Amino acid sequence: MQSNYLVRVKNISVQFQYNIVLENVSLDVQQNKIITLIGPNGAGKSTLVKIVLGLIMPNSGKILRQKNIIIGYMPQHLHINPILPLTVERFLTLGDIKKDKIKSILDEVGASKILKTPLQHVSGGEMQRVLLARALLREPDLLVLDEPIQGVDVAGQYELYDLINHINQEKQCGILMVSHDLHIVMATTDYVICLNKKICCSGHPTTVSQHPDYLALFGSKAAQDLAIYTHHHYQNNQQISA
Amino acid sequence: MDIFHLDAFLWRALLGGIGVAIIAGPLGCFIIWRRMAYFGDTLAHSALLGVVLGFLLDFKFNYFEINLNTLLTLSTLFICIMVALLLVILQAQKRLATDTLLGILAHSVLSLGLIALAFLQGEGLRIDLYGYLFGDLLTITETDLYWIYGGGSLILLSFVWLWRPLLFITIHQELAQVEGVAVTPIRLLFMLTVALVIAISMKIVGVLLITAMLIIPAATARNFSHTPEQMSIFASLIGCIAVIIGLFMSWHWDMPLGPSIVLGSSMLFMFSFLFCNYLPS
(Lines give C-alpha, C1' and ligand atoms only; values in the text may rest on other atoms or scores of the structure.)
Protein backbone atom coordinates (compact mmCIF):
# COMPACT_ATOMS: atom_id res chain seq x y z
CA MET A 1 0.00 0.00 0.00
CA GLN A 2 1.02 3.61 -0.48
CA SER A 3 2.73 5.71 2.15
CA ASN A 4 0.10 8.43 2.67
CA TYR A 5 -1.52 6.62 5.56
CA LEU A 6 -3.39 8.07 8.54
CA VAL A 7 -2.74 5.04 10.69
CA ARG A 8 -0.49 2.16 9.78
CA VAL A 9 -0.65 -1.15 11.61
CA LYS A 10 2.33 -3.34 10.85
CA ASN A 11 2.64 -7.05 11.62
CA ILE A 12 0.86 -6.87 14.94
CA SER A 13 -0.05 -9.86 17.09
CA VAL A 14 -2.26 -9.82 20.18
CA GLN A 15 -2.55 -12.54 22.76
CA PHE A 16 -4.84 -12.62 25.82
CA GLN A 17 -3.55 -15.20 28.31
CA TYR A 18 -2.93 -18.22 26.02
CA ASN A 19 -5.47 -17.13 23.47
CA ILE A 20 -4.19 -15.76 20.19
CA VAL A 21 -6.56 -13.02 19.09
CA LEU A 22 -4.68 -11.44 16.19
CA GLU A 23 -1.74 -12.85 14.30
CA ASN A 24 0.57 -10.86 12.05
CA VAL A 25 -2.02 -8.33 10.90
CA SER A 26 -1.06 -5.29 8.84
CA LEU A 27 -3.26 -2.55 7.51
CA ASP A 28 -3.13 1.02 6.30
CA VAL A 29 -5.98 3.44 6.86
CA GLN A 30 -5.85 6.18 4.26
CA GLN A 31 -7.39 9.57 3.89
CA ASN A 32 -10.67 9.68 2.03
CA LYS A 33 -11.05 5.88 1.88
CA ILE A 34 -13.55 3.59 3.58
CA ILE A 35 -12.07 0.36 4.91
CA THR A 36 -14.42 -2.27 6.26
CA LEU A 37 -13.47 -5.14 8.54
CA ILE A 38 -15.62 -8.22 8.24
CA GLY A 39 -15.26 -11.60 9.88
CA PRO A 40 -17.06 -14.05 12.14
CA ASN A 41 -17.59 -13.48 15.87
CA GLY A 42 -14.34 -13.73 17.78
CA ALA A 43 -12.30 -12.93 14.69
CA GLY A 44 -10.58 -10.05 16.45
CA LYS A 45 -12.35 -7.20 14.66
CA SER A 46 -13.01 -5.16 17.78
CA THR A 47 -9.50 -5.88 19.07
CA LEU A 48 -8.01 -4.53 15.86
CA VAL A 49 -10.18 -1.43 16.15
CA LYS A 50 -8.98 -0.91 19.73
CA ILE A 51 -5.38 -1.17 18.57
CA VAL A 52 -5.94 1.50 15.92
CA LEU A 53 -7.55 3.67 18.61
CA GLY A 54 -4.63 3.11 20.99
CA LEU A 55 -6.78 1.46 23.66
CA ILE A 56 -4.83 -1.81 23.55
CA MET A 57 -1.13 -2.33 22.95
CA PRO A 58 -0.21 -5.32 20.77
CA ASN A 59 2.19 -8.00 22.04
CA SER A 60 4.32 -7.50 18.94
CA GLY A 61 4.31 -5.32 15.84
CA LYS A 62 4.15 -1.59 15.23
CA ILE A 63 1.50 1.10 15.00
CA LEU A 64 2.28 4.37 13.28
CA ARG A 65 -0.03 7.37 13.39
CA GLN A 66 0.23 10.64 11.51
CA LYS A 67 1.24 13.48 13.79
CA ASN A 68 -1.65 15.30 15.51
CA ILE A 69 -4.23 13.02 13.95
CA ILE A 70 -7.72 13.45 15.38
CA ILE A 71 -9.72 10.26 15.66
CA GLY A 72 -13.50 10.25 16.00
CA TYR A 73 -14.70 7.04 17.59
CA MET A 74 -18.21 5.65 17.45
CA PRO A 75 -18.40 2.81 19.98
CA GLN A 76 -20.49 -0.32 19.62
CA HIS A 77 -22.78 0.33 22.57
CA LEU A 78 -23.67 3.21 24.78
CA HIS A 79 -25.64 2.06 27.74
CA ILE A 80 -26.57 4.93 30.03
CA ASN A 81 -27.45 4.09 33.61
CA PRO A 82 -31.10 5.22 34.00
CA ILE A 83 -30.19 7.03 37.20
CA LEU A 84 -27.94 9.46 35.29
CA PRO A 85 -30.02 12.36 33.94
CA LEU A 86 -28.41 13.14 30.60
CA THR A 87 -29.91 14.71 27.50
CA VAL A 88 -28.54 14.30 24.00
CA GLU A 89 -27.39 17.91 24.14
CA ARG A 90 -25.51 17.50 27.41
CA PHE A 91 -23.87 14.33 26.12
CA LEU A 92 -22.64 16.17 23.05
CA THR A 93 -21.28 19.14 25.04
CA LEU A 94 -19.05 16.86 27.14
CA GLY A 95 -16.00 17.57 25.03
CA ASP A 96 -16.02 21.35 25.46
CA ILE A 97 -18.02 22.09 22.31
CA LYS A 98 -20.17 25.07 21.34
CA LYS A 99 -23.93 24.66 21.17
CA ASP A 100 -24.53 26.01 17.64
CA LYS A 101 -22.02 23.54 16.29
CA ILE A 102 -23.95 20.74 17.94
CA LYS A 103 -27.13 21.84 16.22
CA SER A 104 -25.57 21.87 12.78
CA ILE A 105 -23.98 18.43 13.25
CA LEU A 106 -27.26 16.96 14.52
CA ASP A 107 -28.98 18.41 11.44
CA GLU A 108 -26.36 16.75 9.30
CA VAL A 109 -26.98 13.30 10.78
CA GLY A 110 -30.74 13.88 10.84
CA ALA A 111 -31.25 13.87 14.58
CA SER A 112 -31.96 17.52 15.40
CA LYS A 113 -35.40 16.69 16.82
CA ILE A 114 -33.96 14.85 19.82
CA LEU A 115 -31.63 17.59 21.09
CA LYS A 116 -33.41 17.86 24.45
CA THR A 117 -34.39 14.19 24.78
CA PRO A 118 -32.88 12.12 27.61
CA LEU A 119 -30.40 9.63 26.14
CA GLN A 120 -32.28 6.75 27.76
CA HIS A 121 -35.35 7.57 25.66
CA VAL A 122 -33.84 7.65 22.17
CA SER A 123 -34.35 4.69 19.80
CA GLY A 124 -31.58 2.42 18.53
CA GLY A 125 -31.31 4.26 15.22
CA GLU A 126 -31.32 7.68 16.86
CA MET A 127 -28.63 6.54 19.30
CA GLN A 128 -26.35 5.52 16.42
CA ARG A 129 -26.89 8.95 14.86
CA VAL A 130 -26.08 10.68 18.13
CA LEU A 131 -22.90 8.62 18.49
CA LEU A 132 -21.95 9.47 14.92
CA ALA A 133 -22.58 13.16 15.61
CA ARG A 134 -20.40 12.90 18.71
CA ALA A 135 -17.55 11.44 16.62
CA LEU A 136 -17.99 14.12 13.94
CA LEU A 137 -17.93 17.02 16.42
CA ARG A 138 -14.20 16.64 16.81
CA GLU A 139 -13.70 17.22 13.06
CA PRO A 140 -11.75 13.99 12.81
CA ASP A 141 -9.17 12.98 10.22
CA LEU A 142 -10.17 9.41 10.83
CA LEU A 143 -13.56 8.01 11.80
CA VAL A 144 -13.60 4.63 13.51
CA LEU A 145 -17.03 3.03 13.53
CA ASP A 146 -17.58 -0.22 15.42
CA GLU A 147 -20.70 -1.83 13.96
CA PRO A 148 -22.46 1.46 13.21
CA ILE A 149 -25.79 -0.11 12.19
CA GLN A 150 -26.36 -2.20 15.28
CA GLY A 151 -29.97 -2.18 16.45
CA VAL A 152 -31.14 -0.17 13.45
CA ASP A 153 -34.03 -1.27 11.22
CA VAL A 154 -33.37 -2.22 7.59
CA ALA A 155 -34.45 1.09 6.08
CA GLY A 156 -32.38 2.91 8.70
CA GLN A 157 -29.36 0.76 7.90
CA TYR A 158 -29.31 1.95 4.29
CA GLU A 159 -29.82 5.54 5.42
CA LEU A 160 -26.93 5.30 7.85
CA TYR A 161 -24.60 3.85 5.23
CA ASP A 162 -25.61 6.59 2.82
CA LEU A 163 -24.84 9.08 5.54
CA ILE A 164 -21.43 7.52 6.20
CA ASN A 165 -20.63 7.64 2.48
CA HIS A 166 -21.75 11.22 2.31
CA ILE A 167 -19.57 12.16 5.28
CA ASN A 168 -16.63 10.38 3.71
CA GLN A 169 -17.02 12.38 0.51
CA GLU A 170 -17.73 15.72 2.13
CA LYS A 171 -15.23 15.73 4.99
CA GLN A 172 -12.45 13.89 3.15
CA CYS A 173 -11.74 11.80 6.22
CA GLY A 174 -10.66 8.19 6.35
CA ILE A 175 -13.13 5.68 7.71
CA LEU A 176 -12.41 2.38 9.39
CA MET A 177 -15.56 0.41 10.01
CA VAL A 178 -16.53 -2.96 11.47
CA SER A 179 -19.58 -4.55 9.97
CA HIS A 180 -21.60 -7.73 10.07
CA ASP A 181 -23.83 -7.02 7.14
CA LEU A 182 -22.04 -8.31 4.06
CA HIS A 183 -24.55 -7.11 1.46
CA ILE A 184 -24.44 -3.48 2.37
CA VAL A 185 -20.69 -3.58 2.92
CA MET A 186 -20.17 -4.73 -0.63
CA ALA A 187 -22.01 -1.74 -2.00
CA THR A 188 -20.50 1.06 0.05
CA THR A 189 -16.88 0.39 0.81
CA ASP A 190 -13.60 0.97 -1.00
CA TYR A 191 -11.62 -1.79 0.60
CA VAL A 192 -12.67 -4.88 2.53
CA ILE A 193 -10.54 -6.82 4.95
CA CYS A 194 -11.79 -10.26 5.82
CA LEU A 195 -10.41 -11.09 9.23
CA ASN A 196 -10.27 -14.35 11.13
CA LYS A 197 -7.43 -13.89 13.62
CA LYS A 198 -5.26 -13.14 10.59
CA ILE A 199 -6.17 -11.44 7.36
CA CYS A 200 -7.78 -14.07 5.12
CA CYS A 201 -8.13 -11.86 2.12
CA SER A 202 -8.49 -8.19 1.33
CA GLY A 203 -9.16 -5.92 -1.58
CA HIS A 204 -12.02 -4.35 -3.48
CA PRO A 205 -15.42 -5.78 -2.41
CA THR A 206 -16.00 -7.53 -5.71
CA THR A 207 -12.58 -9.22 -5.57
CA VAL A 208 -13.06 -10.29 -1.96
CA SER A 209 -16.53 -11.69 -2.52
CA GLN A 210 -15.08 -14.14 -5.07
CA HIS A 211 -11.98 -15.00 -3.09
CA PRO A 212 -11.84 -18.71 -2.11
CA ASP A 213 -10.88 -17.87 1.52
CA TYR A 214 -13.84 -15.57 1.82
CA LEU A 215 -16.19 -18.20 0.44
CA ALA A 216 -14.66 -20.81 2.74
CA LEU A 217 -15.24 -18.55 5.74
CA PHE A 218 -18.74 -17.36 4.95
CA GLY A 219 -19.95 -19.26 1.88
CA SER A 220 -22.78 -17.82 -0.18
CA LYS A 221 -25.42 -19.51 2.00
CA ALA A 222 -23.75 -18.47 5.24
CA ALA A 223 -23.77 -14.87 4.05
CA GLN A 224 -27.52 -15.10 3.60
CA ASP A 225 -27.98 -16.71 7.01
CA LEU A 226 -26.04 -13.88 8.54
CA ALA A 227 -28.40 -11.32 7.03
CA ILE A 228 -31.42 -13.25 8.36
CA TYR A 229 -29.83 -13.52 11.77
CA THR A 230 -29.36 -9.75 12.04
CA HIS A 231 -32.96 -9.29 11.11
CA HIS A 232 -34.17 -11.65 13.86
CA HIS A 233 -31.94 -9.92 16.30
CA TYR A 234 -33.56 -6.63 15.46
CA GLN A 235 -37.06 -8.04 15.94
CA ASN A 236 -36.11 -9.33 19.38
CA ASN A 237 -34.87 -5.91 20.36
CA GLN A 238 -38.09 -4.35 19.25
CA GLN A 239 -40.15 -6.75 21.35
CA ILE A 240 -38.11 -5.98 24.42
CA SER A 241 -38.38 -2.24 24.03
CA ALA A 242 -42.12 -2.47 23.36
CA MET B 1 -24.52 26.75 81.77
CA ASP B 2 -26.11 23.41 81.05
CA ILE B 3 -28.29 24.82 78.28
CA PHE B 4 -25.33 26.64 76.76
CA HIS B 5 -23.40 23.41 76.77
CA LEU B 6 -26.21 21.47 75.07
CA ASP B 7 -26.57 24.19 72.48
CA ALA B 8 -22.90 24.03 71.62
CA PHE B 9 -22.91 20.35 70.88
CA LEU B 10 -26.18 20.59 68.96
CA TRP B 11 -24.64 23.30 66.80
CA ARG B 12 -21.55 21.20 66.27
CA ALA B 13 -23.68 18.23 65.24
CA LEU B 14 -25.74 20.38 62.90
CA LEU B 15 -22.68 22.00 61.30
CA GLY B 16 -20.91 18.67 61.02
CA GLY B 17 -23.94 16.93 59.55
CA ILE B 18 -24.57 19.67 57.00
CA GLY B 19 -20.90 19.73 56.01
CA VAL B 20 -20.96 15.99 55.39
CA ALA B 21 -24.26 16.22 53.49
CA ILE B 22 -22.90 18.89 51.15
CA ILE B 23 -19.83 16.81 50.28
CA ALA B 24 -21.84 13.60 50.04
CA GLY B 25 -24.15 15.06 47.36
CA PRO B 26 -21.90 15.11 44.29
CA LEU B 27 -19.86 12.16 45.49
CA GLY B 28 -22.97 10.05 46.08
CA CYS B 29 -24.23 10.88 42.58
CA PHE B 30 -21.04 9.55 41.06
CA ILE B 31 -21.20 6.48 43.28
CA ILE B 32 -24.64 5.54 42.00
CA TRP B 33 -23.91 6.58 38.39
CA ARG B 34 -20.82 4.40 38.40
CA ARG B 35 -22.60 1.58 40.30
CA MET B 36 -20.02 1.74 43.06
CA ALA B 37 -22.33 1.51 46.07
CA TYR B 38 -20.66 -1.68 47.23
CA PHE B 39 -17.25 -0.05 46.87
CA GLY B 40 -18.33 2.70 49.26
CA ASP B 41 -19.60 0.08 51.66
CA THR B 42 -16.31 -1.81 51.53
CA LEU B 43 -14.28 1.30 52.36
CA ALA B 44 -16.71 2.13 55.15
CA HIS B 45 -16.34 -1.35 56.63
CA SER B 46 -12.57 -0.96 56.43
CA ALA B 47 -12.80 2.32 58.32
CA LEU B 48 -13.21 0.41 61.58
CA LEU B 49 -9.73 -1.07 61.21
CA GLY B 50 -8.53 2.50 60.66
CA VAL B 51 -10.15 3.61 63.90
CA VAL B 52 -8.52 0.77 65.84
CA LEU B 53 -5.17 1.59 64.23
CA GLY B 54 -5.62 5.22 65.30
CA PHE B 55 -6.29 4.21 68.92
CA LEU B 56 -3.32 1.84 68.87
CA LEU B 57 -1.03 4.60 67.60
CA ASP B 58 -2.37 6.99 70.20
CA PHE B 59 -2.06 4.37 72.96
CA LYS B 60 1.44 3.12 72.20
CA PHE B 61 3.33 5.39 69.82
CA ASN B 62 1.98 8.92 70.07
CA TYR B 63 5.33 10.60 70.65
CA PHE B 64 4.26 13.81 68.93
CA GLU B 65 1.08 14.12 70.95
CA ILE B 66 -1.14 14.45 67.90
CA ASN B 67 -4.78 15.15 68.64
CA LEU B 68 -6.63 11.80 68.88
CA ASN B 69 -9.36 12.86 66.43
CA THR B 70 -6.82 13.93 63.83
CA LEU B 71 -4.96 10.68 64.34
CA LEU B 72 -8.17 8.69 63.89
CA THR B 73 -9.06 10.53 60.68
CA LEU B 74 -5.57 10.04 59.27
CA SER B 75 -5.38 6.35 60.17
CA THR B 76 -8.86 5.73 58.72
CA LEU B 77 -7.84 7.54 55.54
CA PHE B 78 -4.70 5.42 55.38
CA ILE B 79 -6.56 2.10 55.73
CA CYS B 80 -9.26 3.16 53.22
CA ILE B 81 -6.61 4.10 50.65
CA MET B 82 -4.77 0.83 51.24
CA VAL B 83 -7.97 -1.18 50.72
CA ALA B 84 -8.82 0.84 47.59
CA LEU B 85 -5.34 0.20 46.17
CA LEU B 86 -5.58 -3.49 47.03
CA LEU B 87 -8.86 -3.59 45.13
CA VAL B 88 -7.28 -1.92 42.09
CA ILE B 89 -4.44 -4.47 42.15
CA LEU B 90 -6.85 -7.42 42.49
CA GLN B 91 -9.10 -6.03 39.74
CA ALA B 92 -6.14 -5.83 37.37
CA GLN B 93 -5.69 -9.62 37.70
CA LYS B 94 -9.13 -10.05 36.07
CA ARG B 95 -9.67 -13.36 37.86
CA LEU B 96 -12.74 -12.50 39.93
CA ALA B 97 -15.66 -10.16 39.40
CA THR B 98 -15.47 -6.84 41.25
CA ASP B 99 -18.46 -7.53 43.50
CA THR B 100 -16.89 -10.82 44.62
CA LEU B 101 -13.61 -9.05 45.37
CA LEU B 102 -15.44 -6.33 47.29
CA GLY B 103 -17.34 -8.95 49.31
CA ILE B 104 -14.08 -10.65 50.24
CA LEU B 105 -12.29 -7.39 51.09
CA ALA B 106 -15.14 -5.76 53.01
CA HIS B 107 -15.70 -8.61 55.42
CA SER B 108 -12.07 -9.61 55.79
CA VAL B 109 -11.04 -6.09 56.74
CA LEU B 110 -14.09 -5.63 59.00
CA SER B 111 -13.25 -8.88 60.82
CA LEU B 112 -9.64 -7.81 61.12
CA GLY B 113 -10.85 -4.54 62.63
CA LEU B 114 -13.10 -6.30 65.14
CA ILE B 115 -10.31 -8.70 66.18
CA ALA B 116 -7.79 -5.87 66.56
CA LEU B 117 -10.39 -4.00 68.60
CA ALA B 118 -10.84 -7.00 70.91
CA PHE B 119 -7.07 -7.16 71.49
CA LEU B 120 -6.93 -3.46 72.30
CA GLN B 121 -9.85 -3.80 74.70
CA GLY B 122 -7.97 -6.72 76.28
CA GLU B 123 -5.11 -4.27 76.89
CA GLY B 124 -7.51 -2.15 78.88
CA LEU B 125 -8.39 0.49 76.26
CA ARG B 126 -12.03 1.56 76.25
CA ILE B 127 -13.49 2.22 72.80
CA ASP B 128 -17.14 2.92 72.13
CA LEU B 129 -17.65 0.44 69.27
CA TYR B 130 -21.32 1.30 68.93
CA GLY B 131 -20.48 4.95 68.36
CA TYR B 132 -18.11 4.16 65.52
CA LEU B 133 -20.48 1.68 63.89
CA PHE B 134 -23.56 3.89 63.96
CA GLY B 135 -22.27 7.37 64.68
CA ASP B 136 -22.36 9.35 67.90
CA LEU B 137 -23.39 12.92 68.41
CA LEU B 138 -21.25 13.27 71.51
CA THR B 139 -18.01 12.40 69.75
CA ILE B 140 -18.14 15.35 67.34
CA THR B 141 -15.44 17.79 68.39
CA GLU B 142 -14.14 21.04 67.02
CA THR B 143 -11.23 19.17 65.45
CA ASP B 144 -13.76 17.01 63.58
CA LEU B 145 -15.44 20.15 62.28
CA TYR B 146 -12.10 21.49 61.00
CA TRP B 147 -11.58 18.18 59.21
CA ILE B 148 -15.07 18.18 57.74
CA TYR B 149 -14.89 21.76 56.43
CA GLY B 150 -11.19 21.75 55.52
CA GLY B 151 -11.28 18.34 53.87
CA GLY B 152 -14.72 19.09 52.43
CA SER B 153 -13.54 22.25 50.64
CA LEU B 154 -10.63 20.30 49.21
CA ILE B 155 -13.02 17.60 47.98
CA LEU B 156 -15.46 20.07 46.42
CA LEU B 157 -12.63 21.93 44.69
CA SER B 158 -11.22 18.72 43.29
CA PHE B 159 -14.71 17.81 42.11
CA VAL B 160 -15.03 21.00 40.09
CA TRP B 161 -11.78 20.05 38.41
CA LEU B 162 -12.64 16.34 38.01
CA TRP B 163 -16.25 16.84 36.99
CA ARG B 164 -16.13 16.76 33.21
CA PRO B 165 -13.56 13.97 32.74
CA LEU B 166 -15.13 11.87 35.48
CA LEU B 167 -18.59 12.27 33.95
CA PHE B 168 -17.18 11.36 30.57
CA ILE B 169 -15.51 8.21 31.94
CA THR B 170 -18.76 7.30 33.68
CA ILE B 171 -20.67 7.54 30.40
CA HIS B 172 -18.19 5.64 28.21
CA GLN B 173 -14.70 4.92 29.41
CA GLU B 174 -13.16 3.95 26.06
CA LEU B 175 -14.69 6.91 24.26
CA ALA B 176 -13.26 9.18 26.94
CA GLN B 177 -9.86 7.55 26.57
CA VAL B 178 -9.88 7.99 22.78
CA GLU B 179 -10.73 11.66 23.27
CA GLY B 180 -7.74 12.14 25.54
CA VAL B 181 -9.02 11.73 29.11
CA ALA B 182 -6.39 10.28 31.44
CA VAL B 183 -8.61 7.46 32.69
CA THR B 184 -6.44 5.75 35.30
CA PRO B 185 -5.32 8.85 37.26
CA ILE B 186 -8.87 10.17 37.33
CA ARG B 187 -10.30 6.89 38.58
CA LEU B 188 -7.62 6.72 41.27
CA LEU B 189 -8.32 10.31 42.33
CA PHE B 190 -12.00 9.49 42.59
CA MET B 191 -11.28 6.49 44.82
CA LEU B 192 -9.05 8.68 46.96
CA THR B 193 -11.89 11.19 47.29
CA VAL B 194 -14.30 8.47 48.42
CA ALA B 195 -11.76 7.36 51.02
CA LEU B 196 -11.36 10.94 52.29
CA VAL B 197 -15.12 11.46 52.56
CA ILE B 198 -15.53 8.24 54.50
CA ALA B 199 -12.70 9.11 56.86
CA ILE B 200 -14.11 12.52 57.70
CA SER B 201 -17.80 11.63 57.83
CA MET B 202 -17.43 8.45 59.87
CA LYS B 203 -18.15 10.33 63.09
CA ILE B 204 -21.52 11.62 61.96
CA VAL B 205 -23.37 8.51 60.83
CA GLY B 206 -20.95 5.71 61.66
CA VAL B 207 -19.11 3.32 59.38
CA LEU B 208 -22.12 1.07 58.74
CA LEU B 209 -24.40 3.93 57.65
CA ILE B 210 -22.07 6.18 55.62
CA THR B 211 -23.05 4.59 52.31
CA ALA B 212 -26.67 5.49 53.06
CA MET B 213 -25.68 9.19 53.33
CA LEU B 214 -24.05 8.90 49.93
CA ILE B 215 -26.71 6.92 48.09
CA ILE B 216 -30.13 7.87 49.44
CA PRO B 217 -30.02 11.67 48.90
CA ALA B 218 -28.54 11.14 45.40
CA ALA B 219 -31.24 8.61 44.49
CA THR B 220 -33.86 11.02 45.82
CA ALA B 221 -32.44 13.89 43.77
CA ARG B 222 -32.72 11.85 40.56
CA ASN B 223 -36.48 12.29 40.64
CA PHE B 224 -36.23 16.07 40.34
CA SER B 225 -33.23 16.48 38.04
CA HIS B 226 -32.71 16.94 34.34
CA THR B 227 -28.93 17.37 34.29
CA PRO B 228 -26.10 15.70 36.20
CA GLU B 229 -25.12 19.03 37.78
CA GLN B 230 -28.66 19.67 39.01
CA MET B 231 -28.78 16.19 40.50
CA SER B 232 -25.62 16.69 42.53
CA ILE B 233 -26.77 20.05 43.92
CA PHE B 234 -30.19 18.65 44.81
CA ALA B 235 -28.50 15.65 46.45
CA SER B 236 -26.54 18.02 48.71
CA LEU B 237 -29.69 19.97 49.60
CA ILE B 238 -31.70 16.82 50.30
CA GLY B 239 -28.85 15.53 52.45
CA CYS B 240 -28.94 18.78 54.48
CA ILE B 241 -32.69 18.48 55.00
CA ALA B 242 -32.22 14.86 56.10
CA VAL B 243 -29.63 15.96 58.66
CA ILE B 244 -32.02 18.56 60.08
CA ILE B 245 -34.88 16.02 60.23
CA GLY B 246 -32.57 13.49 61.86
CA LEU B 247 -31.33 15.95 64.48
CA PHE B 248 -34.88 17.02 65.21
CA MET B 249 -36.10 13.44 65.69
CA SER B 250 -33.03 12.51 67.67
CA TRP B 251 -33.49 15.52 69.98
CA HIS B 252 -37.22 15.18 70.50
CA TRP B 253 -37.65 11.44 70.77
CA ASP B 254 -34.20 10.54 72.05
CA MET B 255 -33.35 8.50 68.97
CA PRO B 256 -29.74 7.64 68.01
CA LEU B 257 -28.52 10.37 65.63
CA GLY B 258 -26.88 8.38 62.81
CA PRO B 259 -29.88 6.10 62.17
CA SER B 260 -32.23 9.10 62.55
CA ILE B 261 -30.44 10.98 59.76
CA VAL B 262 -30.57 7.92 57.53
CA LEU B 263 -34.26 7.44 58.34
CA GLY B 264 -34.83 11.12 57.52
CA SER B 265 -33.31 10.67 54.08
CA SER B 266 -35.29 7.45 53.53
CA MET B 267 -38.46 9.38 54.28
CA LEU B 268 -37.51 12.04 51.73
CA PHE B 269 -36.75 9.30 49.23
CA MET B 270 -40.15 7.65 49.75
CA PHE B 271 -41.82 11.04 49.40
CA SER B 272 -40.04 11.79 46.11
CA PHE B 273 -40.76 8.27 44.89
CA LEU B 274 -44.50 8.64 45.47
CA PHE B 275 -44.59 12.26 44.33
CA CYS B 276 -42.86 11.41 41.07
CA ASN B 277 -45.54 8.95 40.06
CA TYR B 278 -47.46 12.05 39.08
CA LEU B 279 -44.70 13.62 37.05
CA PRO B 280 -44.58 12.98 33.30
CA SER B 281 -41.59 10.79 32.52
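Here, every reference points to the structure presented above.
Cut-offs used in this document
- Residues numbered from 1 in each chain as written.
- Chains lettered and ligands numbered in written order.
- Predicted model: local features only at pLDDT ≥ 70, side-chain atom pairs only at ≥ 80, totals over all residues.
- Heavy atoms only, no water.
- Buried < 20%, exposed > 50% of the residue type's maximum accessible area, 1.4 Å probe, protein only.
- Helix = DSSP H or I, 4+ residues; strand = E, 2+ residues; numbered from the N terminus.
- Pairing = 2+ DSSP bridges.
- Right-handed = clockwise from strand over helix to strand, strands pointing away.
- Axes fitted to C-alpha atoms, helices over the stretch in contact; angles between N-to-C directions.
- Parallel < 35°, antiparallel > 145°, perpendicular 65-115°, else oblique.
- Left-handed = near helix turned anticlockwise from the far one by under 90°.
- Nonpolar A, V, L, I, M, F, W, Y, C, P; charged D, E, K, R; others polar.
- Salt bridge = Lys/Arg side-chain N within 4 Å of Asp/Glu carboxyl O.
- Contact = heavy atoms within 4.5 Å.
- Buried area = accessible area lost by both parts, 1.4 Å probe.
- Polar contact = N/O pair within 3.5 Å; in protein donor to acceptor, adjacent residues only side chain to side chain.

A. Inspection of the pairing of strand S6 (residues 142–146) of chain A at higher detail. All names here are of chain A. When you tally the buried positions in S6, you get 5 out of 5 residues, the bulk of the element. The pairing of strand S5 (residues 71–74) with S6 spans 4 bridges and is classified as parallel. Residue pairing across strands places Gly72 opposite Leu143, the latter belonging to S6. Direction of pairing for S6 relative to strand S7 (residues 174–178): parallel, over a ladder of 5 bridges. In the strand pairing of S7, Leu143 is matched with Ile175. In this fold, S6 hands off to helix H5 (residues 154–171), which returns the chain to S7; that crossover is right-handed.

B. Just the packing of helix H2 (residues 37–60) of chain B against helix H4 (residues 98–122) of chain B, in detail. Residue and element names in this part refer to chain B. At a minimum axis distance of 8 Å, the contact between H2 and H4 shows a crossing angle of 25°. Judged by the inter-axis angle, H2 sits roughly parallel to H4. The interaxial crossing formed by H2 with H4 has left-handed handedness. Residue composition of the contact of H2 with H4, by class: 18 nonpolar, 6 polar and 1 charged.

C. Structural detail: the pattern of salt bridges. Summed over the entire model, instances satisfying the criterion amount to 9 salt bridges over all chains. The salt bridge involving Lys171 of chain A is made with Glu108 of chain A; its shortest N-O contact spans 2.9 Å. One end of the pair, Lys171 of chain A, is in helix H5; the other, Glu108 of chain A, is in helix H3 (residues 99–109), and 63 residues separate them in sequence. Judged by its relative accessible area of 28%, Glu108 of chain A falls in the partly exposed class. Linked through salt bridges whose partners overlap, the residues forming this network are Arg134 and Arg138 of chain A together with Glu179 of chain B.

D. Geometry of the interface of chain A and chain B. Across the contact, 26 residues belong to chain A and 23 residues belong to chain B. On the chain A side of the contact with chain B, Ile83, Pro85 and Leu94 of chain A bury the most area, a combined 28% of that side's loss. Across the chain A-chain B interface, the total number found is 4 salt bridges. For Arg134 of chain A, the salt bridge goes to Glu179 of chain B, with nearest N and O atoms at 2.4 Å. Viewed at the interface, chain B and chain A are joined by 11 residue pairs in polar contact (both at pLDDT 80 or more). Every element with two or more residues in the side of chain A that touches chain B is listed here: helix H1 (45–53), S5 and helix H2 (88–92) of chain A. When grouped by side-chain class, the residues that make up the side of chain A that touches chain B number 14 nonpolar, 7 polar and 5 charged.

E. Inspection of the sheet that holds strand S8 (residues 191–196) of chain A at higher detail. All names here are of chain A. Strand order across the open sheet formed by 6 strands is S5-S6-S7-S3-S8-S9, with mixed pairing between neighbours. Two strands in the sheet have a free side with no partner beyond their single neighbour: S5 and strand S9 (198–203). Here the strands of the sheet are splayed against their neighbours by 15° on average, with no regard to which way each runs. Along the sheet, H5 contacts strand S3 (34–38), S6 and S7; its crossing angle with S7, the most-contacted strand, is approximately 155°.

Honestly, it's all geometry; don't read function into it.
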